Amino acid sequence: MNLTDYSEIRALLARHGFRFSKSLGQNFLTAAWVPERIAEAAGLDEQTGVLEVGPGVGCLTEQLSLRAGKVLAVELDKALKPVLAETLAGRDNVEILFGDVLKQDLPALVREKFPGLRPVICANLPYNVTTPLLTAFLEAGCFETVTVMIQREVARRICAGPGTADYGAFGLFVQWHCETELLFDVPPSCFVPQPKVTSSVIRLTRRAEKPFFAEDEALLFRCIRAAFNQRRKTLPNALSAGVPGLSRERAEQLLTELGFDPRIRGEAVDLAGFVKISNKVFGDLSAKK
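Below or above, wherever it landed, is the structure these notes cover. (Residues numbered from 1 in each chain as written. Predicted model: local features only at pLDDT ≥ 70, side-chain atom pairs only at ≥ 80, totals over all residues. Heavy atoms only, no water.)

## A few points about the overall build of the chain
Here comes step 1: Scanning the chain from N- to C-terminus turns up twelve helices and nine strands.
Here comes step 2: Taking the principal axes of its C-alpha atoms as reference, the chain extends roughly 65 × 40 × 25 Å.
Here comes step 3: Taking all contacts inside the chain whose residues are at least 6 apart in sequence as the whole, residues at least 24 apart take part in 68%.
Here comes step 4: Summed over its atoms, the accessible surface of the chain is roughly 13,500 Å², and 48% of this surface lies on carbon and sulfur atoms.
Here comes step 5: For the chain, the separation between the mean place of its 35 positive charges and that of its 34 negative charges on side chains is 6 Å. (Helix = DSSP H or I, 4+ residues; strand = E, 2+ residues; numbered from the N terminus. Contact = heavy atoms within 4.5 Å. Areas by Shrake-Rupley, 256 points an atom, 1.4 Å probe, with all protein chains shown as cover. Lys, Arg positive; Asp, Glu negative; His and termini not counted. Charge placed at Lys NZ, Arg CZ, Asp CG, Glu CD.)

## Brief notes about the packing of aromatic side chains
Here comes step 1: A complete count under the given rule lists eight aromatic pairs for this structure.
Here comes step 2: Above the face of the Phe184 ring, Arg37 is positioned so that its terminal group lies 4.0 Å from the ring centre.
Here comes step 3: The lysine or arginine in question, Lys81, covers the ring of Phe98, its NZ or CZ lying 5.0 Å from the ring centre. (Phe/Tyr/Trp six-rings, centres within 6.5 Å; stacked < 30°, edge-to-face > 60°. Lys NZ or Arg CZ within 6 Å of the ring centre and 35° of its normal.)

## As for the side chain of Asp284
Here comes step 1: Along the chain, Asp284 turns up in helix 12 (residues 271–288).
Here comes step 2: Here Arg250 takes part through its side chain, which lies 2.7 Å from a polar atom of the side chain of Asp284. (Polar contact = N/O pair within 3.5 Å; in protein donor to acceptor, adjacent residues only side chain to side chain.)

## Some points on unusual backbone geometry
Here comes step 1: In the segment running from Val192 into Pro193, the intervening peptide bond is cis, with an omega of -15 degrees.
Here comes step 2: Mapped onto the elements, Pro193 comes out in the loop between strand 8 (191–192) and strand 9 (199–206).

## Describing the sheet that holds strand 9
Here comes step 1: One open sheet holds the seven strands; their spatial order is 4-3-2-5-6-9-7, and the pairing between them is mixed. Every other strand in the sheet has two partners, leaving strand 4 (94–98) and strand 7 (178–186) as the edge strands with one partner each. Direction aside, the axes of adjacent strands within the sheet are offset by 20 degrees on average.
Here comes step 2: In terms of strand pairing, strand 5 (residues 118–124) meets strand 6 (residues 145–151) through four bridges, oriented parallel. Each bridged residue has a counterpart across the sheet, and for Ile121 the counterpart in strand 6 is Val146. (Pairing = 2+ DSSP bridges. Axes fitted to C-alpha atoms, helices over the stretch in contact; angles between N-to-C directions.)

Right, dumping it as structure tokens:
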């Protein structure tokens, strides 16, 4: 069965009485080159264990199974159980887990399902839960790479640098944990039903160690979030509003000591700059205790 042929997909879904769920953000691929290229970009081999989220009818799962040692596909929609049982029949290195991946203990799941294998993630992620999924994947700290198709707008934000409209707190969070690569775009015409936006495939490679030393990682991201919560504010105003115990005057003084123009906004500061700022704030707040 061709799992990207629209007529075959339609017949398959009709056979099992399946209907698309808007709330689950279901869009199934109908262009064979897309799952092939995504799977190829993931850099898989027999020593790789792949976690896939939202397999749909299994077109990407199929391509992953041809390359990896094992594929664990986690699907939230139990209505797809008979569909996947048919499309993935005979693929001994594929296991389907029905449930919410956000409720899983990911490090424990990796230890249980991928013993002796190099764990990675490769998936076509639902648009409506992209940010919480990526956050969970990176915070789990157990996946060497994350190769995913997501909304192009989100992909641009993840890979953006300072001084651009796409630059923001979530992109800095991802860049703190990973090296980011924007690989290729996928137009709406490659899906059924067609989404209203273009998709992009990105690859995130976990850093062996963080790019800079942060005295307090939680404070670093508090400063970053404060800087972008109200982008039009100058950084001293933003930091004083978002960091308890730090006045605007003191924030301005600390920035000046670091060589920053006190009129600077967060969108002009790179990751290294935010680390310097948060370390300076950490020292200042610690001295007051």
